Amino acid sequence: MERLETTRETVLELATEDGTPPPEPLPSGYREILALFEQNGDGLRAREVCRTLGIGSEPRHTEGMRAMLKRQPRHPH
């Protein structure tokens, strides 16, 4: 999470230098997921993420979470 915050600060700083509007922050759901992986590593399944976030573990929830997780950037090891 710390690296994400540092990157965000750098992007905001660069945006103000050339007058570009700052990017929108990540939606809260994405921030919660990133924090969850920060705490537990990167070996979680979509069902585990849903349970931890209190979303529910029905297929409609896990498939939506799986799609959201696929859009997340990969963290280099």
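Residues numbered from 1 in each chain as written. Predicted model: local features only at pLDDT ≥ 70, side-chain atom pairs only at ≥ 80, totals over all residues. Heavy atoms only, no water.

Draft legend 1. Seen up close, the nonpolar core. Core analysis: the biggest nonpolar cluster contains seven residues, these being Ile 33, Leu 36, Ala 46, Val 49, Cys 50, Met 65 and Leu 69. Broken down by element, the residue count for this core peaks at three residues, all from helix H3 (residues 46-53). Residues within four places of Ala 46 in sequence aside, it is in contact with Thr 62, Met 65, Arg 66 and Leu 69. (Core = buried A, V, L, I, M, F, W, Y, C linked by side-chain atoms within 4.5 Å. Buried < 20%, exposed > 50% of the residue type's maximum accessible area, 1.4 Å probe, protein only. Helix = DSSP H or I, 4+ residues; strand = E, 2+ residues; numbered from the N terminus. Contact = heavy atoms within 4.5 Å.)

Draft legend 2. The packing of helix H2 (residues 28-40) against helix H4 (residues 59-70), seen in detail. Running from N to C, H2 and H4 point in directions that differ by 80°, and their axes come no closer than 11 Å. Accordingly, the angle class assigned to the pair H2 and H4 is roughly perpendicular. For the pair H2 and H4, contact is made by Tyr 30, Ile 33 and Phe 37 and by Met 65, Met 68 and Leu 69, respectively. For the contact of H2 with H4, the residue count by class is six nonpolar, no polar and no charged. (Axes fitted to C-alpha atoms, helices over the stretch in contact; angles between N-to-C directions. Parallel < 35°, antiparallel > 145°, perpendicular 65-115°, else oblique. Nonpolar A, V, L, I, M, F, W, Y, C, P; charged D, E, K, R; others polar.)

Draft legend 3. Representation of the environment of Gln 72. Mapped onto the secondary structure, Gln 72 falls in the segment after H4. Exposure remark for Gln 72: the relative accessible area of 14% places this residue in the buried category. Excluding residues that lie within four positions of it along the chain, Gln 72 makes contacts with Tyr 30 and Leu 34.

Draft legend 4. Highlighting the packing of H2 against H3. Contact geometry for H2 and H3: axes closest at 11 Å, N-to-C directions at 110°. In terms of orientation, H2 lies roughly perpendicular with respect to H3. On the side of H2, the interface is formed by Glu 32, Ile 33, Leu 36 and Phe 37, while H3 contributes Val 49, Thr 52 and Leu 53. Its residues placed into classes, the contact of H2 with H3 shows five nonpolar, one polar and one charged.

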